[in-house]
Amino acid sequence: MTKPAKLSLEELEKKLADADARVEAAPNDPQAYAARAVVYKQMEQFREAIADYSTALELKSHDAHTLVERAILYRRLGELKPALADLTQAVLIDPDIAPAYQQRAMCHMEMGEPQKAIPDFSKCIALAPDKPGNYFNRAEAFAKLKQYEAAIADLDKVIAIAPKVAASYQLRGLAHYRLGQLDKALADNQAALGLEPNNPLYLHNQGVAYFDLGQYKAALADFEKAVSIAPKQSESFHYSGRTRARLGKLRDAIKDFDRALALKPDHVEALEARGAALLDLKDYKALNENDERLLKASPRNPWVFYRRGLINAANRMIDQALHEFTRAILSKPDFAWAYEERARVHAMRNDKAAALNDLTEAIRYGIDDPVVYALHGRLLKERGEYEKAISDYDKAIAGLEESFELRLERGEMHYKLGSYTKAIEDFGHCIRARPNDPVLNYNLGSAYLESGQLDEAAEAFSHAIAANRNDAPIYLSRGDAYLAKGDVKKAIEDFKKAIQTSRDPQLKQVAEQRLAQTATMKQ
């Protein structure tokens, strides 16, 4: 349906004169005032239109249509409370007047009350289930409430009814993005751009999806096109800079951040990202100027304190680094990276308890780094909290290609906890890398012995002895394995070798006792 052509001023003035004449001829006719209000509305003389609708309502108070029309004008003027009052009265008069529910819902949206708008949008849908606009409006309300699944369900209906509206794909893409469904978000942005290929907002949002997917070249192409169409779109310059930084083009990134800041001087995120680039470039003078500016825009900005902490730590200014990381955490209590770095400073000060606490907080607030898990696990191991430590070791080993030492340490903890089968797995894995290591073979043999696998224990101890023939503890342990198998002769031989090779009086005494007991058994 085509819109009617806009009337010229001359035509409108003629219509107004006719409407004046009608009111003069019938001063008690509410329709005459309502008709003149329509002309005033076309002339954008909203106060005069409201006055005529008010007169019409004085003459006929229960006219729901006139109440809706007056409410629309109140809303145009930003006077939402009288608009709401008129719309509420209209639906009391006529419970099926759809425009009243629609307008009242929009008032609630403009007042920042999407939760109150949803029931009215739902009523609109009930009255007209085939109109896509009602579903779209309710989807916007759901999105503002972060009820993204509900928003997507409504937008699915919109697109099924009207598949050629780019805004529907754009909003659904945003909902998918908020849910972390980046592939679906990207598909919807692509659909929106298929309908409006030069929309700078859609280009920007598609670039953000590519950015989060790590497809930086595709993201950069979108941001560059967006700013070529809308050169005052500061957010696209900001994201273009972040993308160039990810591609290692730090100087070019800084130029983009500067463009974003020229358009929006207090763009906090651009200043934060610009500071990160300057830190990587070790341009400390420019970084200091950047961060002073950032503190003016965002006092107590945690990234400023964090970066200062990194610089102090790198210069071995331990107390200053600790102070700055603490300031960062006080400004942002969930700042995982600051906790991690402060833990490293505590470790430099040999304050292991504080380091453990900070690493615990870093993991709690989202650090998912195998190195951090390894550090955390080792601190727990030193405290004898083996079960908790093993959980960290599991995560560290899963994320690191080289994990020999961690597997060995985990095997030792499994052994101490009596989990001999798991200890055997870890020691066995290590032995595949160092098959002739006497300590590894001894550890493996000990785990086999404790688990009752005597043949395997004797074999592992034999490998250990082959690598080190003068290790008394290994002879003693192999003797125990042979004795448990009932091979008294070999046990006696090993106990004698343990006595001969031992430099530890206590171990030698144990071997002598074993030998005496075994000799008695043989007799």
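Everything numeric in this text was worked out from a predicted model, so none of it was measured.

Counted by the stated rule, this structure contains 12 aromatic pairs. With centroids separated by 5.9 Å and ring planes inclined at 55°, the aromatic side chains of Tyr-306 and Phe-325 adopt a geometry described as tilted. Placement of Tyr-306 in helix α18 (residues 302–314) and of Phe-325 in helix α19 (residues 318–331) is noted, with a sequence separation of 19 residues between them. On the accessibility criterion, Tyr-306 (9% relative accessible area) is buried. Since its relative accessible area comes to 0%, Phe-325 is described here as buried. An aromatic cluster of three or more residues is present, and its members are Trp-303, Tyr-306, Phe-325, Phe-335 and Trp-337. The lysine or arginine in question, Arg-242, covers the ring of Tyr-239, its NZ or CZ lying 4.8 Å from the ring centre.

What follows deals with helix α11 (residues 182–195). The end-to-end C-alpha separation of α11 is 20 Å, in line with the 20 Å expected for 14 residues at 1.5 Å each. Residues of α11 that are buried make contact with α10 (166–178) and α12 (200–212).

One way to put it is that helix α21 (residues 352–364) packs onto helix α22 (residues 370–382) with a least axis distance of 10 Å and a crossing angle of 140°. Taken together, α21 and α22 sit at an angle that is classed as oblique. Of the two elements, α21 crosses α22, and the hand of that crossing is left-handed. Between α21 and α22, the contacting residues are Lys-352, Ala-355, Leu-356, Leu-359, Thr-360 and Ile-363 on the first element and Val-372, Tyr-373, Leu-375, His-376, Leu-379, Leu-380 and Glu-382 on the second. Of the residues contributing to the contact of α21 with α22, the split by class is 9 nonpolar, 2 polar and 2 charged.

What follows covers the nonpolar core. For soluble globular proteins, nonpolar side chains are generally found buried alongside one another. Within the largest apolar cluster, 42 residues are counted, with the highest numbers of intra-cluster contacts made by Tyr-306, Ala-328, Ala-338, Val-345 and Leu-406. By residue number, the principal contributor to this core is α19, which donates 6 residues. Counting 32 residues, the second-largest nonpolar core is a separate cluster that includes Leu-408, Phe-427, Ile-474 and Ile-499.

Turning to helix α9 (residues 148–161), a few remarks are in order. For α9, with 14 residues, the first-to-last C-alpha span of 20 Å sits near the 20 Å given by 1.5 Å per residue. Where α9 is buried, its residues contact α8 (132–144) and α10.

Turning our attention to the environment of Leu-67. Its place among the elements puts Leu-67 in helix α4 (residues 64–76). Since its relative accessible area comes to 1%, Leu-67 is described here as buried. Separated by 13 residues in the primary sequence, Leu-67 and Ser-54 place their C-alpha atoms 8.6 Å from one another. When near neighbours in sequence (up to four residues on either side) are disregarded, Leu-67 contacts Leu-57, Ser-61, Asp-86, Gln-89, Ala-90 and Ile-93.

Assignment of secondary structure puts Arg-407 in helix α24 (residues 404–416). Put simply, Arg-407 and Asp-394 are 13 residues apart on the chain and 8.9 Å apart in space, counted from C-alpha to C-alpha. If sequence neighbours within four positions are ignored, Arg-407 has contacts with Ile-397, Asp-426, His-429 and Cys-430. Reaching out from Arg-407, the side chain makes a polar contact with the side chain of His-429 at a distance of 3.4 Å.

Before going further, it helps to examine the pattern of salt bridges. A complete count under the given rule lists 39 salt bridges for this structure. Here Arg-138 makes a salt bridge to Asp-154, at a shortest N to O gap of 2.7 Å. Placement of Arg-138 in helix α8 and of Asp-154 in helix α9 is noted, with a sequence separation of 16 residues between them. As far as the burial class goes, Arg-138 and Asp-154 line up, both buried. A salt bridge links Arg-274 to Asp-258; its shortest N-O distance comes to 2.8 Å. Taken together, the positions of Arg-274 in helix α16 (residues 268–280) and Asp-258 in helix α15 (residues 250–263) put the pair 16 residues apart, joining distant regions of the chain.

Moving on to the side chain of Arg-172. If you trace the backbone, Arg-172 turns up in helix α10. For Arg-172, a relative accessible area of 15% translates into the label buried. Among all residues touching Arg-172, those that are not within four sequence positions of it are Ile-152, Leu-155, Asp-156, Ile-159 and Asp-188.

By the secondary structure assignment, Asn-199 is in the loop between α11 and α12. Exposure remark for Asn-199: the relative accessible area of 17% places this residue in the buried category. Only 3.2 Å separates the side chain of Asn-199 from the backbone nitrogen of Tyr-202, close enough to count as a polar contact.

Below, the discussion takes up the environment of Asp-94. Within the secondary structure, Asp-94 sits in the loop between α5 (80–93) and α6 (98–110). The partly exposed category is assigned to Asp-94, whose relative accessible area is 31%. Considering only alpha carbons, one finds Asp-94 and Lys-332, 238 residues apart in sequence, at a separation of 53 Å.

Thresholds, definitions, all that
- Residues numbered from 1 in each chain as written.
- Predicted model: local features only at pLDDT ≥ 70, side-chain atom pairs only at ≥ 80, totals over all residues.
- Heavy atoms only, no water.
- Phe/Tyr/Trp six-rings, centres within 6.5 Å; stacked < 30°, edge-to-face > 60°.
- Helix = DSSP H or I, 4+ residues; strand = E, 2+ residues; numbered from the N terminus.
- Buried < 20%, exposed > 50% of the residue type's maximum accessible area, 1.4 Å probe, protein only.
- Lys NZ or Arg CZ within 6 Å of the ring centre and 35° of its normal.
- Expected span 1.5 Å × (residues − 1).
- Contact = heavy atoms within 4.5 Å.
- Axes fitted to C-alpha atoms, helices over the stretch in contact; angles between N-to-C directions.
- Parallel < 35°, antiparallel > 145°, perpendicular 65-115°, else oblique.
- Left-handed = near helix turned anticlockwise from the far one by under 90°.
- Nonpolar A, V, L, I, M, F, W, Y, C, P; charged D, E, K, R; others polar.
- Core = buried A, V, L, I, M, F, W, Y, C linked by side-chain atoms within 4.5 Å.
- Polar contact = N/O pair within 3.5 Å; in protein donor to acceptor, adjacent residues only side chain to side chain.
- Salt bridge = Lys/Arg side-chain N within 4 Å of Asp/Glu carboxyl O.

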